[in-house]
Amino acid sequence: MATGVKKKISLLPKKPGIYFFKNRDNTIIYIGKARSLKERVNSYFQVTSDPKIQNILSETTDVDFVLTDSEKEAVFLENNFIQQFQPKYNLRLKDDKSFPYVKLTVQERFPGIQLTRKVEQDGAKYFGPFSPAFQARNTIHLINKYFGIRGCEEAIPGKRKRPCLEYDVHLCSAPCVDYVSEEEYREDVKNGLLFLEGKTEELLKILNRRMREAASKQEFEQATHWRDIIRTVENIKEKPTLISASMENKDIFGFFRDKENVAFYVFLMRSGKVIESEEFILQKKKDTPDEETLFQFLVKFYERRDEIPDTILLPLSSRKKEEFRKKLTSLTQKTFRIIAPLKGKNKKLVNLANKNAEFLLRKRQDLLSPLQEVKKILGLSSLPKRIEGFDISNTGGQESVGSLVVFKNGLPRKEDYRKYKIKTVMGPNDVASLKEVIHRRYSRALKDKEDLPDLILVDGGKGQLNAARVAIQKLGLVNLSIISLAKKEEIVYIHKKKEGLKLEKTSPALKLFQNIRDEAHRFAVTFHRQRRKKKSFESVLDGIPGIGNKRKHILLTKFKSVEGIKKASPEELVSIIGFKASKALIDKLAKNFL
């Protein structure tokens, strides 16, 4: 497992949410849900023979997450994100099959209640989603049983002379045959709506009054009926917040800050579903009020976006709200609402965004803690957010190569890694080879005006450190900090302290140095082995009539190895390099590998 992935997993919270496995292109390859993010993600890294998990892990270079309020909430969010991002390893849920909803046709004279998987703008009220689906069916059954709302789609008035079986089993009040008046039926629908909308306090007052009235009239069967409804209402579970049956378009902003930084977390809800999230960490400007920080961020956020939703939910009230509205109006002619909610579902959404913003900032602080120790022990003026590590690899001076790895904020940044073939050094001279690589790296950086590192780490002892310093000084980069890390005793060498620094084994700074050193070594060795393999392959092809450098390259690209050529058919070889060269190649291989 890559060092950066290990570190991120160690920082996962033991809270419900969804998690993402990402590849080196930062593409999401798998999404899952969890009751405990830390425990669930850790379970993937146990020994397993499952080929799917092995394939996922082989491609994973990063892990990320979104917090939810409950495991049930995570189920819905997982579905939304899978449909939005279509990860290659999520075969289930990639189609657009939605969770079931409960539909109440309030636009009709005698509304009915149904199960549906499609939410439409047809005047009906939709509730859900439900997972598993039987919860939707149970809800419909409760509405039928306790409020007498019909579950059929029969026309009213119709041709029916007597009620159907649903009336006989007390699942409908039979408005189709006038067993209940329109006024009474509407009252039942109103109470059913209170039940579905979760307005339990208001509904319970009505039901308790009805129960007392029935009991006072000694209508004990009716009183028992109202009592059963009351018990059912009191057991209603909280509805999901990250998905809505109202087909809303909202941007939900979360906010959290510490002494130095500000974190923003944004949920994007489209057509009633949170389908995406974005996160930002900014340096806090001294003495700038939170509402001013929020205003500046919002303006920049929407200046780069093509769409503005119907509603924008803010994490705190701001006197600049109207100024922000005018600014957005200048960007678009669309009408929209800006709300800093104080209660209800919108407040729950903002609270969840705030919680994710808080974890985002805490996660970053945990990642930067080793850098803070590095800054202290090396006496640096600022955090070494970008560290570049170097190593050399060769076999007896043959196929000597160098590697450059980059760590940004304590984590590998693989897109910035570089490989070097040693050009000016003959034989096994790691010190001279290191000097060449560092000179090439930073002369190119100066020429192309690339970002320079805050710290350079080289694998080795005093010799490697001095070589790196000489190379840097020749380029005029006298202010670049350089250290080396010796393998045997893990001593950190710096120019100011000749005997080096012996850090505690548990030191976060030492562990970071070791991770960078080991990653540079791994990258160099891998490149060196590739070069040796290629050289070995090319040497077998030397001296074969009709096979020059061009045909060597073609064969190397096509077959990868000598074994690959041996397995190729004569016809395949002829089609690539011709009859004479193929015959000479087959004869050579036969002599060499008999």
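Criteria and cut-off values
- Residues numbered from 1 in each chain as written.
- Predicted model: local features only at pLDDT ≥ 70, side-chain atom pairs only at ≥ 80, totals over all residues.
- Heavy atoms only, no water.
- Helix = DSSP H or I, 4+ residues; strand = E, 2+ residues; numbered from the N terminus.
- Rg over C-alpha atoms; globule rule 2.2 N^0.38 Å.
- Buried < 20%, exposed > 50% of the residue type's maximum accessible area, 1.4 Å probe, protein only.
- Contact = heavy atoms within 4.5 Å.
- Lys, Arg positive; Asp, Glu negative; His and termini not counted.
- Charge placed at Lys NZ, Arg CZ, Asp CG, Glu CD.
- pLDDT = per-residue confidence, 0-100.
- 1 Å grid on protein atoms, 1.4 Å probe; cavity = no way out; pocket = protein on both sides within 12 Å on 5 of 7 lines; lining within 4 Å.
- Points joined across faces, edges and corners; volume = space filled by probe spheres on them.
- Pairing = 2+ DSSP bridges.
- Axes fitted to C-alpha atoms, helices over the stretch in contact; angles between N-to-C directions.
- Phe/Tyr/Trp six-rings, centres within 6.5 Å; stacked < 30°, edge-to-face > 60°.
- Core = buried A, V, L, I, M, F, W, Y, C linked by side-chain atoms within 4.5 Å.
- Salt bridge = Lys/Arg side-chain N within 4 Å of Asp/Glu carboxyl O.

Now for the overall build of the chain. Check the secondary structure of the chain and you find 19 helices and 19 strands. For 594 residues, the compact-globule estimate of 2.2 N^0.38 gives 25 Å, and the C-alpha radius of gyration of the chain, at 34 Å, exceeds that figure by more than 25%. Overall, the chain is about 105 × 70 × 50 Å in size when its C-alpha atoms are taken along their principal axes. In the chain, buried positions account for 49% of the 594 residues. Taking all contacts inside the chain whose residues are at least 6 apart in sequence as the whole, residues at least 24 apart take part in 61%. In the chain, 115 side chains carry a positive charge and 78 a negative one; their mean positions are 7 Å apart.

Overall, the prediction assigns the chain a mean pLDDT of 84, with 91% of residues at 70 or greater. When pLDDT is averaged over each element of the chain, strand 16 (residues 455-459) comes out on top at 95 and helix 17 (residues 562-567) at the bottom at 74.

One number sums up the size of the largest pocket: a volume of about 1,200 Å³. In this structure, the largest pocket is lined by 36 residues; those nearest its centre are Lys8, Lys22, Asn26, Asp62 and Asp64. For the lining of the largest pocket, the leading source of residues is strand 9 (residues 273-283), giving 6 residues.

As a further point, take the sheet that holds strand 4 (residues 101-104). Within the open sheet, the 3 strands sit side by side as 5-4-6. Their pairing is antiparallel. What marks the edges here is a single partner per strand, and that holds for strand 5 (113-116) and strand 6 (125-127). Strand-to-strand twist in this sheet, taken as the mean axis angle between neighbours without regard to direction, amounts to 30°. Pairing of strand 4 with strand 5, which is carried by 4 bridges, proceeds in the antiparallel orientation. Of the residues in strand 5, the one forming a bridge with valine 102 is leucine 115. Packed onto the sheet, helix 5 (residues 134-147) meets strand 4 and strand 5 and runs at close to 175° relative to strand 5.

This part is about the sheet that holds strand 1 (residues 17-22). Read across the sheet, 3 strands follow the order 2-1-3 without closing on themselves; strand pairing throughout is antiparallel. Looking at strand neighbours, the two that pair on one side only are strand 2 (28-34) and strand 3 (62-67), the edges of this open sheet. Averaged over all neighbouring strand pairs, the angle between strand axes comes to 20°, with direction disregarded. Judged from the 6 bridges that link them, strand 1 and strand 3 form a sheet pairing that is antiparallel.

On to the packing of aromatic side chains, then. One pass over the structure, following the stated rule, counts 23 aromatic pairs. Taking 6.1 Å as the distance between ring centres and 65° as the angle between the ring planes, the aromatic pair formed by phenylalanine 253 and tyrosine 302 counts as edge-to-face. With phenylalanine 253 in strand 7 (residues 250-257) and tyrosine 302 in helix 10 (residues 290-303), this pair connects stretches of sequence that are 49 residues apart. Note on accessibility: phenylalanine 253 and tyrosine 302 belong to one class, buried. Taken together, Phe253, Phe255, Phe264, Phe280, Phe297, Phe301 and Tyr302 form an aromatic cluster joined through their ring pairs.

Turning next to the environment of valine 119. As for its placement among the helices and strands, valine 119 is situated in the loop between strand 5 and strand 6. C-alpha separation for the pair valine 119 and phenylalanine 99, spaced 20 residues apart in sequence, amounts to 10 Å.

Okay, the nonpolar core next. Counting 29 residues, the largest nonpolar core has Val102, Leu104, Ile113, Ile143, Phe147, Ile149 and Leu196 as its most contacted members. Contributions of two or more residues to this core are made by strand 4, helix 5, helix 7 (182-196), helix 8 (200-216) and helix 9 (220-234). Ranked by the residues each element gives to this core, the list is headed by helix 7, at 6 residues. The contacts of valine 102, once residues within four sequence positions are left out, are Ile113, Gln114, Lys125, Tyr126, Phe127, Phe130, Ala136, Thr139, Ile140 and Leu196.

The final tally for this structure, using the stated rule, is 32 salt bridges. The closest approach of N and O atoms between aspartate 290 and arginine 257, which form a salt bridge, is 2.7 Å. Here the residue aspartate 290 occupies a position in helix 10, and arginine 257 occupies one in strand 7, the gap between them amounting to 33 residues. Note on arginine 257: relative accessible area 39%, which makes it partly exposed. One salt-bridge network, held together by shared partners, links Arg386, Glu388, Arg413, Glu415, Asp416, Arg441 and Glu450.

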